[in-house]
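Okay, here's what each chain looks like letter by letter:
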Amino acid sequence: MECYLDNSATTRSFDSVAKLVTKVMCEDYGNPSSMHNKGMQAEEYLRYAKDVIAKNLKVNPKEIFFTSGGTESDNLALRGAAYANCRSGRHLITTAIEHPAILQTMQYLESQGFEVTYLPVDENGRIRLEDLQRALRPDTILVSIMHTNNEIGSLQPVAEAGELIKRMNPGTLFHVDAVQGYGKFRIYPKRMHIDMLSVSAHKIHGPKGVGFLYVGEKVKIRPIVMGGGQQRGLRSGTENVPGIAGMAKAVEEIYRNLDEDNEKMYRLRQMFTDGLNKMDGVQVNGLPGRESAPHVVSVSFAGLRSEVLLHALEERNIYVSAGSACASNHPDTAGSATLRAIGLRKELLSSTIRFSFSVFTTEEEIRYTLQALYEIVPVLRKFTRR
């Protein structure tokens, strides 16, 4: 049996998505900027995708901008908004548990003369609204808070944060990285006071290398990619039409049975954590049940290095992550920023595995994984002690 439990890193595409992407690549392959029928045919895919996404978010299609994925969307939101609004202030706010695409962009902006406040989180990975309230200043031009944490599945009080920001400082922009939350929850930017929202297609069973950024109509933002003037000049470059068409199809598919799929994943999550809690020296990080995301389970195995357990599971065809897939590209960092921020004991920082589910995950896979852990962990611990 093969068990893919690394869906926070990427997901298998829906069959309908793969079929449509192939069709657009091989049949409807025109450049949407071309004036002939082939180009207009390609442009229609872009128009349809904007309509699908805008309807899902309850926003205007002209507020949707296509990007290469979550990282570019985050960069465009933060850098574009910071530079466009720097005359109003140079203070930015984010959290200590953001994705590297946010944290490293914030660090870059600090090097450019901006001041950044990093909000702490509690032991379950949630910010405190009173900390946000204290951090807000008259010169705060942007707040960026992720919707769902990619390592422990913690959910931030996004709607409450948005309301607080606009009540205290109406001119402050609110950006939300929804890469892990979109496709698991219904998100309505207008209702939640969100000015910008980042999404990536490959987290919702769409293609890699494509995403979008919602930008409210009144938001001042500068482009960070110059060139052909596509997408009203905010994001130049020939649009990835196959990817965009596939992303729109994935949005339709993931939201078609959202409640039923979430119910299934929460049930699998409970089954998995119940099984883990029968083991000695095992700690599930974050809040239980519906207080957390349905698809992410962070587990610390005392006395074991995560890489050793990861490869032992791989030998059983079980695929997981030792934290964020993107963070693993930065081996010089001193462990997971998220795990350190929640106060995880130092000896567990290098002993934590992330299991993440999808609509394709089955009970049989969960049972198989638990049985493998029951067999592998005691053996590895015995060798570690030696």
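Just above sits the structure.
If you're wondering where the values come from, they're calculated on a predicted model, not measured in any experiment.

Chemist: Let's hear about the packing of aromatic side chains: which residues, and what values?
Modeler: Counted by the stated rule, this structure contains 6 aromatic pairs. Aromatic pair Phe-272 and Phe-357: ring centres 5.9 Å apart, planes at 80°, arrangement edge-to-face. Of this pair, Phe-272 sits in helix α8 (residues 258–276) while Phe-357 sits in the loop between β12 (352–356) and α11 (363–385), and the two are 85 residues apart along the sequence. The exposure classification of Phe-272 matches that of Phe-357, with both residues buried. By way of ring pairs, the aromatic residues Tyr-182, Phe-212 and Tyr-255 are connected into one cluster. Lying across the ring of Phe-360, Arg-12 places its NZ or CZ 4.0 Å from the centre. We note Lys-50 situated over the ring of Phe-65; from NZ or CZ to the ring centre the distance is 5.5 Å.

Chemist: Describe α8, listing the residues and the values that go with them.
Modeler: The terminal C-alpha atoms of α8 lie 26 Å apart, and with 19 residues this matches the ideal 27 Å at 1.5 Å per residue to within 8%. For α8, every residue scored as buried is listed here: Leu-258, Asp-261, Asn-262, Met-265, Tyr-266, Leu-268, Arg-269, Phe-272, Thr-273, Gly-275 and Leu-276.

Chemist: Now, about the pattern of salt bridges: what can you tell me, with residues and values included?
Modeler: Under the counting rule described, the total for this entry stands at 22 salt bridges. Among the salt bridges present, the one from Asp-131 reaches Arg-128, with a minimum N-O distance of 3.6 Å. Assessed through its relative accessible area of 32%, Arg-128 is described here as partly exposed. Between Arg-290 and Glu-263 there is a salt bridge, with the nearest N and O atoms lying 2.7 Å from each other. Here Arg-290 is found in the loop between β9 (282–285) and β10 (296–301), whereas its partner Glu-263 is found in helix α8, with 27 residues between them in sequence. By sharing partners, the salt bridges in this structure join Glu-43, Glu-44 and Arg-47 into a single network.

Chemist: Describe the nonpolar core, listing the residues and the values that go with them.
Modeler: Among the nonpolar cores identified, the biggest contains 61 residues, and Leu-132 and Tyr-182 are the most heavily contacted of them. Broken down by element, the residue count for this core peaks at 9 residues, all from helix α7 (residues 241–256). With sequence-adjacent residues up to four places away left out, Leu-132 is seen in contact with Ile-93, Leu-119, Val-143, Ile-145, Ala-161, Leu-164 and Ile-165. Counting 28 residues, the second-largest nonpolar core is a separate cluster that includes Phe-301, Leu-309, Val-320 and Val-377.

Chemist: Break down the packing of helix α3 (residues 70–84) against helix α4 (residues 100–111) for me, with residues and values.
Modeler: At a closest axis distance of 9 Å, the pairing of α3 and α4 adopts a crossing angle of 30°. Judged by the angle between their axes, α3 and α4 are roughly parallel. The hand of the α3/α4 crossing is right-handed. Facing Thr-71, Asp-74, Asn-75, Leu-78, Arg-79, Ala-82 and Tyr-83 of α3, the residues of α4 in contact are Ala-101, Ile-102, Thr-105, Met-106, Tyr-108 and Leu-109.

Cut-off values and rules
- Per chain, residue numbering runs from 1 following the sequence as it is written.
- Local features in this predicted model are restricted to residues whose pLDDT is 70 or higher, and side-chain atom pairs enter the listing and the counts only when it is 80 or higher, whereas totals over whole chains, interfaces and linings include all residues.
- The side-chain numbers reported here are obtained from all heavy atoms of the structure, hydrogens and water having been left aside.
- By convention, a stacked pair of Phe, Tyr or Trp rings (six-membered ring in the case of Trp) has centres within 6.5 Å and planes under 30 degrees apart, an edge-to-face pair has planes over 60 apart, and any other such pair is tilted.
- Note on conventions: DSSP H or I runs of at least 4 residues are helices, E runs of at least 2 residues are strands, and numbering of each starts at the N terminus.
- Partly exposed describes any residue whose relative accessible area lies between the buried limit of under 20% and the exposed limit of over 50%, with all areas from a 1.4 Å probe on protein chains only and scaled to the type maximum.
- Criterion for a charge above a ring: Lys NZ or Arg CZ within 6 Å of the ring centre, and within 35 degrees of the ring normal.
- Here the expected length of a helix is defined as 1.5 Å per residue gap, with one fewer gap than residues.
- Salt bridge criterion: a side-chain nitrogen from Lys or Arg within 4 Å of a carboxyl oxygen from Asp or Glu.
- We define the nonpolar core as a collection of buried residues of types Ala, Val, Leu, Ile, Met, Phe, Trp, Tyr and Cys that are connected through side-chain atoms lying within 4.5 Å of one another.
- The criterion used for residue contact is that any of the two residues' heavy atoms lie within 4.5 Å.
- Whenever a helix is involved, its axis is fitted only over the stretch in contact; in every case the axis is a line through C-alpha atoms, and angles between N-to-C directions fall within 0 to 180 degrees.
- The cut-offs work like this: below 35 degrees is roughly parallel, past 145 is roughly antiparallel, 65 to 115 is roughly perpendicular, and the gaps in between are oblique.
- We call a crossing left-handed when the near helix sits turned anticlockwise from the far one by less than a right angle, and right-handed when that turn is clockwise.

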